[in-house]
Amino acid sequence: EIVCKNVDVVSGASVAINGTPIAMDAELGVSPELLDGTIENVDRGGLAHFNRRMCRDRQTLERYKQVAPQRDAADVKQELVALRENLAVPHARQSIFQRALIGQRDRIVPPENQQRCWERLDVPCSLIDAPHFPFFLFHSWEEVFGAADH
């Protein structure tokens, strides 16, 4: 909501960032086993582990901690369970995105799975030197769209 209030949306432009429309799939997204393991371990230090993997380096992690929402593990677990249930329902294998950005250092959604998915959907993708959480690399949405065009 905050982002939408402060951004001029470019009509007809949409960029996927480090994900796919087929989110739970061993070849085209995140393996169900990995998601289940995250759900199972989120309240045993798993959230901190996930954040480390998402940010990839200490500097990004420390910066992320300064802006991250303060949520307890039970809340995150509830969200992940709901996500898992929603992803278990077959969805149309098509895309609303015109382009995709793939972080080559993504340790949440394997970059090779993302690339495989976007190629099958005939969506152009650009590789960037970034972890799963790349947002500190950009200063504006125009930069995001520019990175997606390369």
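Below: a short report on this structure. Just so it is clear, the model here is predicted, and its values are computed rather than measured.

## Details of the pattern of salt bridges
Following the criterion strictly, the structure yields 8 salt bridges and no others. We note a salt bridge from Glu27 to Arg120, for which the minimum N-O separation is 3.8 Å. Placement of Glu27 in the loop between β1 (15-17) and α2 (32-41) and of Arg120 in helix α6 (residues 111-120) is noted, with a sequence separation of 93 residues between them. Judged by its relative accessible area of 44%, Glu27 falls in the partly exposed class. Taking the shortest distance from any N to any O, the salt bridge between Lys65 and Glu62 comes out at 3.5 Å. In this pair, Lys65 and Glu62 are both assigned in helix α4 (residues 58-67), 3 residues apart and thus about one turn of the helix distant. Accessibility expressed as a relative area gives 48% for Lys65, which makes it partly exposed. The class for Glu62 is partly exposed, based on a relative accessible area of 37%.

## Some remarks on the state of the cysteines
Counted under the stated rule, the structure contains 0 disulfides. With no disulfide of its own, Cys117 has Cys125 as its nearest cysteine by sulfur position, at a separation of 9.6 Å. Its relative accessible area of 1% is what places Cys117 among the buried residues.

## A short note on the sheet that holds strand β3 (residues 125-128)
The sheet built from 3 strands is open, its strands ordered β1-β2-β3 with parallel pairing. Either end of the sheet is taken by a strand with one partner, and the two such strands are β1 and β3. Going across the sheet, the axis of each strand differs from the next one's by a mean of 20°, ignoring polarity. Two elements, strand β2 (residues 99-103) and β3, share 4 bridges in a ladder whose sense is parallel. Bridge pairing in β3 links Leu101 to Ser126. Where α6 meets the sheet, it contacts β1, β2 and β3, and its direction lies at approximately 165° from that of β2. Contacts from helix α7 (residues 141-148) reach β1, β2 and β3, with the element oriented near 90° to β1.

## Concerning the packing of aromatic side chains
This model, assessed by the stated rule, comprises 4 aromatic pairs. Taking the centre distance of 6.0 Å and the plane angle of 90° together, the rings of Phe97 and Trp118 count as edge-to-face. Placement of Phe97 in the loop between α5 (73-87) and β2 and of Trp118 in helix α6 is noted, with a sequence separation of 21 residues between them. Look at Phe97 and you get partly exposed, because its relative accessible area is 27%. Overall, the relative accessible area of 0% leaves Trp118 in the buried class. Note on Phe133 and Phe135: the rings are 5.2 Å apart at their centroids and 75° apart in plane angle, and the pair reads as edge-to-face. Owing to a relative accessible area of 36%, Phe135 belongs among the partly exposed residues under this scheme. These aromatic residues form a ring-pair network of at least three members: Tyr64, Phe133, Phe135 and Phe136.

What counts and what doesn't
- Each chain carries its own residue numbering, running from 1 in the direction its sequence is written.
- Confidence filtering applies because this is a predicted model: local features only for residues at pLDDT of at least 70, side-chain atom pairs given and counted only at 80 or more, and all residues used for totals across whole chains, interfaces and linings.
- Working from all heavy atoms in the structure, the side-chain values ignore hydrogens and water.
- Every case where a carboxyl oxygen of Asp or Glu lies within 4 Å of a side-chain nitrogen of Lys or Arg is listed as a salt bridge.
- Helix numbers and strand numbers start at the N terminus; a helix is a DSSP run of H or I with at least 4 residues, a strand a run of E with at least 2.
- Classification of residues uses two cut-offs on accessible area relative to the type maximum, computed with a 1.4 Å probe and protein chains only: under 20% is buried, over 50% is exposed, and between them is partly exposed.
- The rule for a disulfide is simple: a pair of cysteine sulfur atoms within 2.5 Å.
- Any two strands with at least two DSSP bridges between them are considered paired.
- Here the axes come from fitting lines to C-alpha atoms, over the contacting stretch only for helices, and the angles between their N-to-C directions go from 0 to 180 degrees.
- Every residue pair with non-hydrogen atoms within 4.5 Å of one another is taken to be in contact.
- Pairing of aromatic rings covers Phe, Tyr and Trp, the last through its six-membered ring, and needs centres within 6.5 Å; plane angles under 30 degrees mean stacked, over 60 mean edge-to-face, and all others mean tilted.

Without other data, these values stay purely geometric and don't point to any function.
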